[in-house]
Amino acid sequence: MPMKRSVVRAAASLAVAGLAVTASVVTPAQAAAPATAVAVTAEASSAIGGTISRDEIIQRAKYWLGKGITYNQGGSYPDSGGKYYRTDCSGYVSMAWHLSSSLNTVGIANSADTYEISRSQLKAGDVLNSYYDHVILFEKWDDAAHTKFSYYSFGSTPVKHITGMSINASTIDGHPNGDYKALRYKKAVDSAGDIPVAANWDGGAADNVGIYRPSTGEFHLRFDDGSLYKVYWGEQGDVPVSANWDGSGTDNVGIWRPSTGEFHLRMDDGSLTKVYWGEQGDMPVSANWDGGAADNVGIWRPSTGEFHLRFDDGSLHKIAWGTQGDIPVAGNWDGSGADNVGIYRPSTGEFHLRMDDGSLKKVYWGEQGDIPVSANWDGGAPDNVGIWRPSTGEFHLRFDDGAVTKIAWGEPR
């Protein structure tokens, strides 16, 4: 029977915390026995001037980072969607917040959409604003005591990401500390809590569940005996994935970074392999697309309803499946050959699964607000579907005979 793994949807400050990491840019992946997949959705992209998640604010801030953009109050530069913003500190914050225009520091302070908070309340996407002079975008606290923090700034060329700054320093980013006020954008919303994943973590006959906790960058994986195994991987704004990346042993975890279009995949020895695939706005998936030994990555593009799947030789295979508003999934639905794609339609609670012959199989499972997962829950030949219910923190897994098995795992939200 095939070995399994999963594809999932969408963290802390380091790509890897507490693990030895050797980085390599991927060459065509190795090949070997099949596995399984679960797909989940990343934070939805915001509309201009609309509600925006804190994760998306940070991802948007990262988009200008490393591009060598010149500081120029008379200049402009586009975001990932092609909208132009002024290339200075407040224009940068306006871009990160996805505003309809580029405000200045006075405009940010006086906006009906901002309000003052205490510094101890600062969260990702908030700002420290000096009324006439400067503004920086808060990323995260670097210590539990809230004395050091990380932030993004565009006060000079180029855009900068600063870590370990003391909140009590005499100057912050070249301006007097006392001039700054902590402000919150009213349309910034807290990002999603736990995100479900599934795969064969311990090499048993069946797959199991897990969650990724963005606030800590931790995967909490459930083994067959019910025990918990933690893996630290990823950073704020990443989207989790899981599969058998190296074609041997058990399945492993990974993340997709929307700001760069990179997959960061964890190998069995703890090393890191990077694969560049996709662009901002895509949703990551992973499975065994070509029947080789190892699994591979892919994305689903909501704007076109297309899967862009990466084969082991690096080639691209496209499949049109689903429409805007769907959530991608993947698995071996008919128990033979390579894995295939599917979507979950939240509006109807339907899975639309693509068989190897291109035919459609519908499975009704879940309700509005549920998050889809898929894997081989009972060790049979085909994979099956399931959902994770955020309101209860429960997985509802569908077995081959149609029976439901519930597992409480993760924190309700």
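Only a predicted model underlies this, so the values are computations on that prediction, with no experimental measurement involved. All residue numbers refer to position in the chain's written sequence, counted from 1. In view of the model being predicted, local features appear only for residues whose pLDDT reaches at least 70, and side-chain atom pairs are presented and counted only at 80 or more, with totals across whole chains, interfaces and linings using the full set of residues. Water and hydrogen atoms play no part in the side-chain values, which are based on all heavy atoms of the structure.

Draft legend 1. Focus on unusual backbone geometry. Residue proline 158 follows threonine 157 across a cis peptide bond; omega there is -5 degrees. Per the convention used, a helix needs a DSSP run of H or I reaching at least four residues, while a strand needs a run of E reaching at least two, with both numbered from the N terminus. Position of proline 158 among the secondary structure elements: in the loop between strand 8 (148–153) and strand 9 (160–166). Even without being glycine, histidine 98 reaches a positive phi, approximately 60 degrees. Mapped onto the elements of the fold, histidine 98 is located in the loop between helix 2 (89–97) and helix 3 (105–110). Non-glycine residue histidine 146 carries a positive phi angle of around 60 degrees. Summarising the element assignment, histidine 146 is placed in the loop between strand 7 (134–141) and strand 8. For every residue, the accessible area obtained with a 1.4 Å probe (protein chains only) is divided by the maximum for its type, and the residue is called buried under 20%, exposed over 50%, and partly exposed between those limits. Given a relative accessible area of 32%, histidine 146 falls into the partly exposed group.

Draft legend 2. Layout of the pattern of salt bridges. Note on definitions: salt bridges are taken to be side-chain nitrogens of Lys or Arg within 4 Å of carboxyl oxygens of Asp or Glu. The full count for this structure, using the stated rule, is 15 salt bridges. The salt bridge involving aspartate 126 is made with arginine 54; its shortest N-O contact spans 3.1 Å. Taken together, the positions of aspartate 126 in the loop between strand 5 (114–116) and strand 6 (127–130) and arginine 54 in helix 1 (residues 54–64) put the pair 72 residues apart, joining distant regions of the chain. Given the relative accessible area of 0%, aspartate 126 is considered buried. Judged by its relative accessible area of 5%, arginine 54 falls in the buried class. With a shortest N-O distance of 3.6 Å, glutamate 411 and arginine 213 are connected by a salt bridge. Residue glutamate 411 is found in the segment after strand 33 (404–408), and its partner arginine 213 is found in strand 15 (residues 208–213); the two are separated by 198 residues along the sequence. Glutamate 411 gets classed as partly exposed once you look at its relative accessible area, which sits at 46%. Taking relative accessible area as the criterion, arginine 213 reaches 14% and is therefore assigned buried. One salt-bridge network, held together by shared partners, links Lys62, Glu235, Asp238 and Arg257.

Draft legend 3. Main features of the sheet that holds strand 25 (residues 316–320). An order of 22-23-24-25 is seen for the four strands of this open sheet, with the pairing classed as antiparallel. With one partner strand each, in any of the chains shown, strand 22 (283–287) and strand 25 form the two edges of the open sheet. Mean inter-strand twist for the sheet, computed between neighbouring axes without regard to direction, equals 25 degrees. Only strands that DSSP links by at least two bridges are regarded as paired with each other. In this description, a line fitted to the C-alpha atoms serves as the axis of each element, helices being fitted only across the stretch in contact, and the angle between N-to-C directions of two axes falls anywhere from 0 to 180 degrees.

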